[in-house]
Amino acid sequence: MMLAPAAAAAALALGALTRVLMTDEAASMGAVCLSGTPGGFYYGLGTGADVNNWLVYFQGGGWCYDERDCYNRSTTVLGNSSSWPATNTDSGLMSQDCTVNPTFCNFSIALMMYCDGNSFSGNRDAPVVFTTDDGERHNLYFRGKRIIDAALSVLKARYNIGSAEKVLVTGCSAGGLATYLHTEYVHTWMRFNAPGLRVVKAAPMSGFFLDHLTVYGEPVYETEMKYIHALSNASLGGGLNADCVQHYLATGDDWKCNFAQYTYDFIRTPLFVLNSGLDSWQTKCIYTSELPQNYPNQTGVENGVCGQGSYAACQSDPDKKCNVSEIAAMNQYTEDFVAALAAARGSGLDGHGAFVHSCHTHCEAQENGDWINFAVGGVTMRDAVTLWWNSEREPAARHSYAPCLHSEAANATDRQCNPTDRQHLYVYLHDRAAELPNQEATSAFIHSCHTHCEAQENGDWINFAVGGVTMRDAVTLWWNSDREPAARLSYAPCLHSEAANATDRQCNSTHREAQENGDWINFAVGGVTMRDAVTLWWNSEREPAARHSYAPCLHSEAANATDRQCNPTAAELPNQEATSAFVHSCHTHCEAQEIGDWINFAVGGVALWSNSDGKPAARHSYAPCLHSEAANATDRQCNPTCGSSTGSTVKFVAGWGGVN
């Protein structure tokens, strides 16, 4: 958001950002806008404890789709820096007002100005020459990638970004797309240039633009983005995610790396998606768009032709202007959006998350009112980002919020659905603020058991559970919390079975065996009881999953068996504390008395048994691999620590403590 000079002056009390034009870098690095004017950014110094924490923000503003469109853009602030104001400020996630944005308000800020026409991805050496209708020739420079490089260099040399400790990469619209495209690059640069760096995360706003046909079945947006991708030399110029380009280049599909939904497969930096599932720009300029006349040699001044055809009125206000069939098409877009996001490999990684709502908006995370008030499941957008930012690589599902679908009822006058999941009762209650307002420190534990005053019954107090959390533990977690959002500490009941042949209609929100004291204490796999397995996992710090995984045995199939139960422990490896085993595959004898073997032989990484304190045997047991049976093997050793066979494939035997 660019403010007029008067408005910018009024914002100085909140620390307005100062313009930095990279004149020297324009000459030395070619870091220029479409017009050839210097690229630049706005800078703001953080305060207090957050002075070394940074918001690196990519400005948005759509794209240009062919030479004439890019020439037209080069005469505006989105392609020419000559009229950029001296100061700038922003709102929502970028606000420096701590009453609006308490988590990030004191961060240092680098606001990267957008002027290359393709989300900071262009990197073409020679300019494209465009000739106007009156015969004038104009050079167009696609140098967005160089602007990023130059800005980072200047920020390090003059503004101390090399001392950064925490960095949030963000941006909105075309800048949101830039966040997907460049987060891995920025993260890598920061690792090499900021020795004190501890955290890099990304939160793209309204940047997940779908590669989607129009409602009329035409690939308009894909056609436009393919053209600017080629025109700006984005792939070959190194302006896109390198892993993505490498993956798609051989098939000629590297244009896909100009889209978030394909690039997200290759993003490992923890990322939090902020987007509407029915984004107002996308319904207008992707779903109901047309190509300009004579595209890609358009003769007019169109920047895409948006909101066309019979759905024009509906896309402008789906809540109130769509009929039943039209709103069904809009809901289909929402479903396609969620499906595309879920299909991206990055979306399921630990540390990632998403806040996808149903409001028909765009760049709402930069609007103070929407940033504070938009909610899914009783959690506001602002609180969702804060919870994710303060987490340490928790499962993505813990920080994911999904949209609802608009009403398709024939007589609906307002089709907007509540952006919460009505299948969970606590969310239903959140919708009705009078009964249970969404206030911090207000929560609920609602179960399905047919009881009354059960919280005063010792057995029920200890054992009744929802989602694996007992009533007692739920109250304790809430009591010890520090005003966390209500949704985080709320538990909903299941519905009783309606099956005609049900003999017990009670639904159980937990596995019954985990609520039985005897089973909880005694059930064991590999010599580790259920209780001990949970305790070991709980007290671990992000150890490999295999270390805390236990597999069942198969029941006896013997014809004369009277009890087919298999033993849930390994007879060879008794579950005695401080009793363990290190069994390797090296063809040796008394190797533990050989200094070289004692130091170097390894299985799955060696733990120091001598430093353990009575831990279960499975915790310190290591299993051998099997030698290669390949016909052409020249060295059959599977363990690379046995000698010179460092390239062997390791195949570990399953069943011993899950260590390998």
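Residues numbered from 1 in each chain as written. Predicted model: local features only at pLDDT ≥ 70, side-chain atom pairs only at ≥ 80, totals over all residues. Heavy atoms only, no water.

Digging into the overall build of the chain
Thought 1: Along the backbone of the chain there are 20 helices and 22 strands.
Thought 2: Evaluated residue by residue, the chain yields a buried proportion of 48% over its 660 residues.
Thought 3: The contacts of the chain with a sequence gap of at least 6 include a subset with a gap of at least 24, amounting to 72%.
Thought 4: Counting only carbon and sulfur atoms, one obtains 52% of the accessible surface of the chain, whose full area is about 31,400 Å². (Helix = DSSP H or I, 4+ residues; strand = E, 2+ residues; numbered from the N terminus. Buried < 20%, exposed > 50% of the residue type's maximum accessible area, 1.4 Å probe, protein only. Contact = heavy atoms within 4.5 Å. Areas by Shrake-Rupley, 256 points an atom, 1.4 Å probe, with all protein chains shown as cover.)

Points about the packing of aromatic side chains
Thought 1: In the structure shown here, the tally under the stated rule is 32 aromatic pairs.
Thought 2: When the centroid spacing of 5.4 Å and the interplanar angle of 70° are considered together, the rings of phenylalanine 104 and tryptophan 389 count as edge-to-face. Of this pair, phenylalanine 104 sits in the loop between β4 (87-88) and β5 (108-112) while tryptophan 389 sits in helix α14 (residues 381-389), and the two are 285 residues apart along the sequence. Across the pair, exposure class does not vary: phenylalanine 104 and tryptophan 389 are buried alike.
Thought 3: Three or more aromatic residues joined by ring pairs form one cluster here, namely Trp63, Phe209, Tyr221, Tyr248, Trp255, Phe259, Tyr262, Phe266 and Trp281.
Thought 4: The side chain of lysine 226 reaches across the aromatic face of tryptophan 255, ending 4.5 Å from its centre.
Thought 5: Sitting over the face of the ring of tyrosine 262, lysine 256 holds its NZ or CZ atom 5.1 Å from the ring centroid. (Phe/Tyr/Trp six-rings, centres within 6.5 Å; stacked < 30°, edge-to-face > 60°. Lys NZ or Arg CZ within 6 Å of the ring centre and 35° of its normal.)

Topic: the state of the cysteines
Thought 1: In this structure the tally under the stated criterion is eight disulfides.
Thought 2: Covalent S-S linkage joins cysteine 244 and cysteine 257, the inter-sulfur distance amounting to 2.1 Å. Note on the cysteine 244 and cysteine 257 pair: the S-S dihedral is about -95°, so by sign convention the disulfide is left-handed. Taken together, the residues cysteine 244 in helix α7 (residues 242-249) and cysteine 257 in the loop between α7 and α8 (260-263) connect sequence positions 13 residues apart. Neither residue differs from the other here; cysteine 244 and cysteine 257 are each classed as buried.
Thought 3: Here cysteine 314 engages in a disulfide with cysteine 322; their sulfurs sit 1.8 Å apart. Here cysteine 314 and cysteine 322 share a disulfide; its torsion about the S-S bond, 85°, makes the bridge right-handed.
Thought 4: With a relative accessible area of 7%, cysteine 322 lands in the buried category. (Disulfide = S-S within 2.5 Å.)

Examining the packing of helix α4 (residues 144-159) against helix α5 (residues 174-193)
If you want to describe how two helices pack, look at the angle between their axes and the distance between the axes.
Thought 1: Running from N to C, α4 and α5 point in directions that differ by 30°, and their axes come no closer than 12 Å. Classified by the interaxial angle, the pair formed by α4 and α5 is roughly parallel. Crossing angle aside, the handedness with which α4 passes α5 is right-handed. Side by side, α4 and α5 meet where Lys145, Ile148, Asp149, Leu152, Ser153 and Lys156 of the first sit next to His182, Tyr185, Trp189 and Asn193 of the second.
Thought 2: The class makeup of the residues in the contact of α4 with α5 is four nonpolar, three polar and three charged. (Axes fitted to C-alpha atoms, helices over the stretch in contact; angles between N-to-C directions. Parallel < 35°, antiparallel > 145°, perpendicular 65-115°, else oblique. Left-handed = near helix turned anticlockwise from the far one by under 90°. Nonpolar A, V, L, I, M, F, W, Y, C, P; charged D, E, K, R; others polar.)

Re helix α3 (residues 67-74)
Thought 1: Counting buried positions along α3 gives six out of eight residues, so the element sits mostly inside the fold.
Thought 2: Restricting attention to buried positions, one finds in α3 the residues Arg68, Asp69, Cys70, Tyr71, Arg73 and Ser74.
Thought 3: Here the buried face of α3 lies against β6 (128-131), β7 (137-140) and α6 (220-231).

Observations concerning the pattern of salt bridges
Thought 1: The full count for this structure, using the stated rule, is six salt bridges.
Thought 2: Residue arginine 146 pairs with aspartate 125 through a salt bridge whose shortest N-O separation is 2.4 Å. Of this pair, arginine 146 sits in helix α4 while aspartate 125 sits in the loop between β5 and β6, and the two are 21 residues apart along the sequence.
Thought 3: We note a salt bridge from lysine 226 to glutamate 222, for which the minimum N-O separation is 3.3 Å. On the criterion of helical spacing, the pair formed by lysine 226 and glutamate 222 is a turn pair, its members being four residues apart in helix α6.
Thought 4: Judged by relative accessible area, lysine 226 falls into the partly exposed class, the value being 34%. (Salt bridge = Lys/Arg side-chain N within 4 Å of Asp/Glu carboxyl O.)

Quick word on unusual backbone geometry
Thought 1: In this chain, tyrosine 295 is followed by proline 296 through a cis amide linkage whose omega measures 10°.
Thought 2: By secondary structure assignment, the location of proline 296 is in the loop between α9 (280-285) and α10 (312-316).
Thought 3: Here the phi dihedral of asparagine 160 falls at roughly 65°; this positive angle occurs in a residue that is not glycine.
Thought 4: Assignment of secondary structure puts asparagine 160 in the loop between α4 and β8 (166-172).
Thought 5: Taking the relative accessible area as the measure of exposure, asparagine 160 reaches 44% and is therefore partly exposed.

Focus on α4
Thought 1: Taking 1.5 Å per residue as the helical rise, α4 with its 16 residues ought to reach 22 Å, and the 21 Å between its terminal C-alpha atoms agrees with that figure.
Thought 2: Listed in full, the buried residues belonging to α4 are Gly144, Lys145, Arg146, Ile147, Ile148, Ala150, Ala151, Leu152, Val154 and Leu155.
Thought 3: Where α4 is buried, its residues meet β1 (17-21), α2 (23-29), β2 (40-44), β3 (53-58), β5 and α5.
Thought 4: Asparagine 160, located one to two residues past α4, shows a positive phi value of around 65°. (Expected span 1.5 Å × (residues − 1).)

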